[in-house]
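Here is what each chain is made of, one letter per residue.
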Amino acid sequence: MALLKVKFDQKKRVKLAQGLWLMNWLSVLAGIIIFSLGLFLKIELRKRSDMMDNSESHFVPNSLIGMGVLSCVFNSLAGKICYDALDPAKYAKWKPWLKPYLAVCVLFNIVLFLVALCCFLLRGSLESTLAHGLKNGMKFYRDTDTPGRCFMKKTIDTLQIEFKCCGNNGFRDWFEIQWISNRYLDFSSKEVKDRIKSNVDGRYLVDGVPFSCCNPSSPRPCIQYQLTNNSAHYSYDHQTEELNLWVRGCRAALLSYYSNLMNSVGAVTLLVWLFEVTITIGLRYLHTALEGVANPEDPECESEGWLLEKSIPETWKAFLESLKKLGKGNQVEAEGVDAGQAPEAG
């Protein structure tokens, strides 16, 4: 028994074809939107690629760009099919290709749904890649004279100012690395010598942060050096007083920014997916309604359209049987090839 059977007369078939034609062209615009969102996301990730440890995060924008292009192609073709469906002579050339085309549309919808899910699941991958990327980037902050790394100071300073953040997890991350280049250290100074000698790796570590960590909204002039030394500043207690630095780490700030962006992109992609599923269902009804016309010479006659020719369990069973037949056919072919090779070997 057919699933979700609906009766169609000539008027309903025409309205369905016209409605699907309009929906397909609207879906072309939706495909352009998905393509644009993927391109925008790729640009945003590339802007801060120096802060990321790998390129796995580009899988989602690349997928969105590809799905946007395919959406434009498939829906343009579907619009042409719906337009020709109103003319029996033109529709005849599309008739043999409609079933394979619908199968491709179903596969396209499945992939589009998976891409939408990936938009929501990218947070975990981004969190780890940002944690390692920012940590490595901070190590190269001082290498302003090293080719290939001379831009890192400007990149991190711009990042901290734009996202109002400091360090990887917080401003104390700067205490653990030497972020001041040896070029600007006075090695004849006793303080510099003592600090370098007191460190096992021979690094110049200070309880200070770069200027880009300073919060301009603070009424007090920025304290960026000797942050843990209360006697170095008047009326200052680093444990109780609210510091005039950005408290949030850059990893959390970037993760929040990209997560909100990905959630918005994922929501739009899901809406487009629902629209695409509706179009695919409509195309299936149009296909079966036109196939069910008893007398092609009488366009006014009624016909029946359905979503599935059989019930869901029967359809699944038939699908599994077709897979088994396909597997057996491949096995027979392989045995035939082996049998043909045996006499040659003899």
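The shown structure was predicted, so the numbers you read here are calculated from the model rather than taken from an experiment.

## Focus: the packing of aromatic side chains
Each aromatic ring pair is specified by the distance between its two centres and by the angle formed by the two planes.
Line of reasoning, step 1. Considering all chains together, one arrives at 10 aromatic pairs under this definition.
Line of reasoning, step 2. Both rings, one in Tyr141 and one in Trp174, keep their centres 5.2 Å apart while their planes meet at 70°; by these two values the pair is edge-to-face. One end of the pair, Tyr141, is in the loop between helix 4 (98–139) and helix 5 (152–163); the other, Trp174, is in the loop between helix 5 and helix 6 (190–197), and 33 residues separate them in sequence. Of the two residues, Tyr141 and Trp174, neither departs from the other in class, the shared state being buried.
Line of reasoning, step 3. Judged by centre distance (6.1 Å) and plane angle (20°), the rings of Trp179 and Tyr225 are stacked. Here the residue Trp179 occupies a position in the loop between helix 5 and helix 6, and Tyr225 occupies one in the loop between helix 6 and helix 7 (250–291), the gap between them amounting to 46 residues.
Line of reasoning, step 4. Through pairs of rings, three or more aromatic residues link up here, namely Tyr141, Trp174, Trp179 and Tyr225.

## Focus: the state of the cysteines
Cysteine pairs can be covalently joined through their sulfur atoms, and such a bond is termed a disulfide.
Line of reasoning, step 1. On inspection of all chains with the given rule, the structure shows 3 disulfides.
Line of reasoning, step 2. Two residues share a disulfide in this structure: Cys165 and Cys250, whose sulfurs sit 2.1 Å from each other. The sign of the S-S torsion, about 85°, decides the handedness of the disulfide formed by Cys165 and Cys250: right-handed. One end of the pair, Cys165, is in the loop between helix 5 and helix 6; the other, Cys250, is in helix 7, with 85 residues separating them in the sequence.
Line of reasoning, step 3. Residue Cys250 is classed as buried on the basis of its relative accessible area, which comes to 1%.
Line of reasoning, step 4. A disulfide bridge connects Cys166 with Cys213, and the sulfur atoms are separated by 2.1 Å. Judged by the sign of its S-S torsion, about 85°, the bond between Cys166 and Cys213 is right-handed. Taken as a pair, Cys166 in the loop between helix 5 and helix 6 and Cys213 in the loop between helix 6 and helix 7 lie far apart in primary sequence, 47 residues in all.
Line of reasoning, step 5. On the basis of relative accessible area, Cys166 is assigned to the buried category, the value being 0%.
Line of reasoning, step 6. Across the protein, the way the bonded cysteines pair up, counted in sequence order, is 1-6, 2-3, 4-5.

## Observations concerning the UniProt feature "transmembrane region" (unreviewed entry) in the protein
Line of reasoning, step 1. The sites that carry the UniProt feature "transmembrane region" (unreviewed entry) are, in the present numbering, residues 20–41 and 101–122.
Line of reasoning, step 2. Along residues 20–41, the helical share is 100% and the strand share 0%, with 31 Å between the first and last C-alpha atoms.
Line of reasoning, step 3. Between the end C-alpha atoms of residues 101–122 the distance is 31 Å, and the span holds 100% helix and 0% strand.

## What to know about the pattern of salt bridges
Line of reasoning, step 1. Enumeration according to the criterion identifies 9 salt bridges in this entry.
Line of reasoning, step 2. Between Glu44 and Lys47 there is a salt bridge, with its nearest N and O atoms 3.0 Å apart. You can see Glu44 and its partner Lys47 sitting in helix 1 (residues 10–47), 3 residues apart, about one turn around the helix.
Line of reasoning, step 3. Salt bridges here are not isolated pairs; linked through shared partners, they connect Glu44, Lys47, Arg48 and Glu162.

## Points about a nonpolar patch on the surface
Line of reasoning, step 1. A surface patch of nonpolar side chains, amounting to about 710 Å² of accessible area, comprises Trp21, Leu22, Trp25, Leu26, Leu29, Ile32 and Tyr83.
Line of reasoning, step 2. Considering each element in turn, the nonpolar patch owes the most residues, 6 residues, to helix 1.
Line of reasoning, step 3. Position of Trp21 among the secondary structure elements: in helix 1.
Line of reasoning, step 4. Look at Trp21 and you get partly exposed, because its relative accessible area is 37%.

## So, the packing of helix 1 against helix 7
Line of reasoning, step 1. At a minimum axis distance of 9 Å, the contact between helix 1 and helix 7 shows a crossing angle of 155°. Classified by the interaxial angle, the pair formed by helix 1 and helix 7 is roughly antiparallel. As for the relative orientation of helix 1 and helix 7, their crossing is left-handed in sense.
Line of reasoning, step 2. When grouped by side-chain class, the residues that make up the contact of helix 1 with helix 7 number 26 nonpolar, 4 polar and 3 charged.

## Quick notes on the confidence of the model for the protein
Line of reasoning, step 1. Mean pLDDT for the protein: 82, with 81% of residues reaching 70 or above.
Line of reasoning, step 2. Within the protein, no element has a lower average pLDDT than helix 8 (residues 312–345), which sits at 58, and none a higher one than helix 5, at 92.

Basis of the calculations
Residues numbered from 1 in each chain as written. Predicted model: local features only at pLDDT ≥ 70, side-chain atom pairs only at ≥ 80, totals over all residues. Heavy atoms only, no water. Phe/Tyr/Trp six-rings, centres within 6.5 Å; stacked < 30°, edge-to-face > 60°. Helix = DSSP H or I, 4+ residues; strand = E, 2+ residues; numbered from the N terminus. Buried < 20%, exposed > 50% of the residue type's maximum accessible area, 1.4 Å probe, protein only. Disulfide = S-S within 2.5 Å. UniProt positions renumbered as here; feature names shortened; annotations may be inferred. Salt bridge = Lys/Arg side-chain N within 4 Å of Asp/Glu carboxyl O. Patch = residues over 30% accessible without salt bridge, like charges linked within 9 Å, V, L, I, M, F, W, Y side chains within 5 Å. Areas by Shrake-Rupley, 256 points an atom, 1.4 Å probe, with all protein chains shown as cover. Axes fitted to C-alpha atoms, helices over the stretch in contact; angles between N-to-C directions. Parallel < 35°, antiparallel > 145°, perpendicular 65-115°, else oblique. Left-handed = near helix turned anticlockwise from the far one by under 90°. Nonpolar A, V, L, I, M, F, W, Y, C, P; charged D, E, K, R; others polar. pLDDT = per-residue confidence, 0-100.

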